[in-house]
Amino acid sequence: MTEKHIILEDIDPVTFYGVGNVHLQMLRSLYPKLRIVARDNVIRILGDEEQMAAFEETAEKLRQHVVRFNALKEEDILDIVKGGRGGREMPDDVVCYSMSGRPIKARTKNQQRLIEAYEKNDMVFAVGPAGTGKTYLSIALAVKALKEKTAKKIILSRPAVEAGEKLGFLPGDMKDKIDPYLQPLYDALEDMLPQVKLQDMMEKHVIQIAPLAFMRGRTLSDAVVILDEAQNTTPAQIRMFLTRMGWNTKMIITGDMTQIDLPKNAKSGLVEAIHILNNVEGIGVVNLDRSDIVRHKLVTKIVNAYEEYDKSIDKDGL
């Protein structure tokens, strides 16, 4: 009896098999001449050669569907088995899908401007207050590029600015010391990629997360490169980062001018870079504001309150 193995790459097998293996049971009923056994991300099929060939084609289409949508429904399976394309197309306004199958797309006009600026330019500055989706949407664009193979890797960086505890006093090795600064980047990636696949990509350096200081001396090619919290860079640091750009690379630089944690009297590299590069062809600058905040409604109120407080401080000269 002929036996073949199918390896489910780039997806979460649980999504493919369904809760309680309901999708797997459905496939078994649709291919009654086959014995289908699944373990982890490997499917063993035995039986009729003609049905095996048909099942292989179906499994690949289903895998591609899960890669795109991070979800699989019974109607998608039926449509693909009958020769369709999976019951639905990805809407033009969707960047990618979260692990829960939720579409990730622009939710405000300025977020849409960020997507358009990314498509038109090789370098984009996205500036705005907390909660406007700068980092999350930027990482979604990078994940999309990786899935569509327009980029070979994603490189994410942040300046490790100490706010309170000194790095030297934090427990653990260097990775343990810097990971807290990079956690928001991990969180966004975990929402868009299967945990096992994310870990594999990081081990193979397809996805790289590192403090800004680790960028010196590198040339970053065939990648989407994101510098987060760029308001906390010095002019020398951001200049070093921007000149790392190599061939077939896109850069997104995000920051919040109201949350500069640099020492007093230190100049923000982000402020200087936008001033110098604002009119350079191939560089886009997108300003998001409090109307773009997509977190809890209290975040908007908090941002508004602090803006009013800052104005009063400036006015009174305190």
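Above this text you will find the structure in question.
Quick caveat: nothing in here was measured; it's all calculated off a predicted structure.

Once that is clear, we can look at the sheet that holds strand β3 (residues 42–47). In spatial order, the strands read β1-β3-β2; together these three strands make up an open sheet with antiparallel pairing. Of all strands in the sheet, those bounded by a partner on one side alone are β1 (3–7) and β2 (34–39). Neighbour-to-neighbour, the strand axes of the sheet open up by a mean angle of 20°, direction not taken into account. Note: β2 against β3, six bridges, orientation antiparallel. Bridge pairing links V37 to R44 in β3. Taken strand by strand, helix α3 (residues 49–69) contacts β1, β2 and β3, and its axis lies near 155° from that of β3.

On to unusual backbone geometry, then. Residues other than glycine seldom take positive phi values, yet D10 does so here, at roughly 70°. Looking at the secondary structure, you find D10 in the loop between β1 and α1 (13–17). What makes D10 partly exposed here is its relative accessible area of 32%.

With that settled, consider helix α5 (residues 109–120). Its 12 residues give α5 an end-to-end C-alpha distance of 16 Å, which sits within 8% of 16 Å, the value for a rise of 1.5 Å per residue. Every buried residue belonging to α5 is among N110, Q111, L114, I115, A117 and Y118, and all of these are buried. Seen from one end, α5 has its buried residues packed into an arc of 160°, which puts them on one side. Residues of α5 that are exposed and angled more than 90 degrees away from the buried face: K109, E119 and K120.

Turning our eyes to something else, we now look at the pairing of strand β10 (residues 250–255). Where burial is concerned, most of β10 is hidden: six out of the six residues are buried. Of the two faces of β10, the one holding K250, I252 and T254 and the one holding M251, I253 and G255 are both buried throughout. Where strand β9 (residues 223–227) lies against β10, four bridges are found, and the strand directions are parallel. Opposite V224, over in β10, you have K250 as the bridge partner. In this view, the connection linking β9 to its parallel neighbour β10 by way of helix α9 (residues 235–242) has right-handed handedness.

This brings us to the packing of α3 against helix α4 (residues 74–81). The geometry of a pair of packed helices is captured by two quantities: the angle between their axes and the separation between those axes. Two elements in contact, α3 and α4, have axes separated by 10 Å at closest approach and are oriented at 140°. In terms of orientation, α3 lies oblique with respect to α4. By crossing handedness, the relation of α3 to α4 is classed as right-handed. The segment α3 lies against α4, with T58, K61, L62 and H65 engaging D76, I77, I80 and V81. Of the residues belonging to the contact of α3 with α4, the class tally is four nonpolar, two polar and two charged.

Rules and cut-offs
Residues numbered from 1 in each chain as written. Predicted model: local features only at pLDDT ≥ 70, side-chain atom pairs only at ≥ 80, totals over all residues. Heavy atoms only, no water. Pairing = 2+ DSSP bridges. Helix = DSSP H or I, 4+ residues; strand = E, 2+ residues; numbered from the N terminus. Axes fitted to C-alpha atoms, helices over the stretch in contact; angles between N-to-C directions. Contact = heavy atoms within 4.5 Å. Buried < 20%, exposed > 50% of the residue type's maximum accessible area, 1.4 Å probe, protein only. Expected span 1.5 Å × (residues − 1). Arc of directions from axis to C-beta. Right-handed = clockwise from strand over helix to strand, strands pointing away. Parallel < 35°, antiparallel > 145°, perpendicular 65-115°, else oblique. Left-handed = near helix turned anticlockwise from the far one by under 90°. Nonpolar A, V, L, I, M, F, W, Y, C, P; charged D, E, K, R; others polar.

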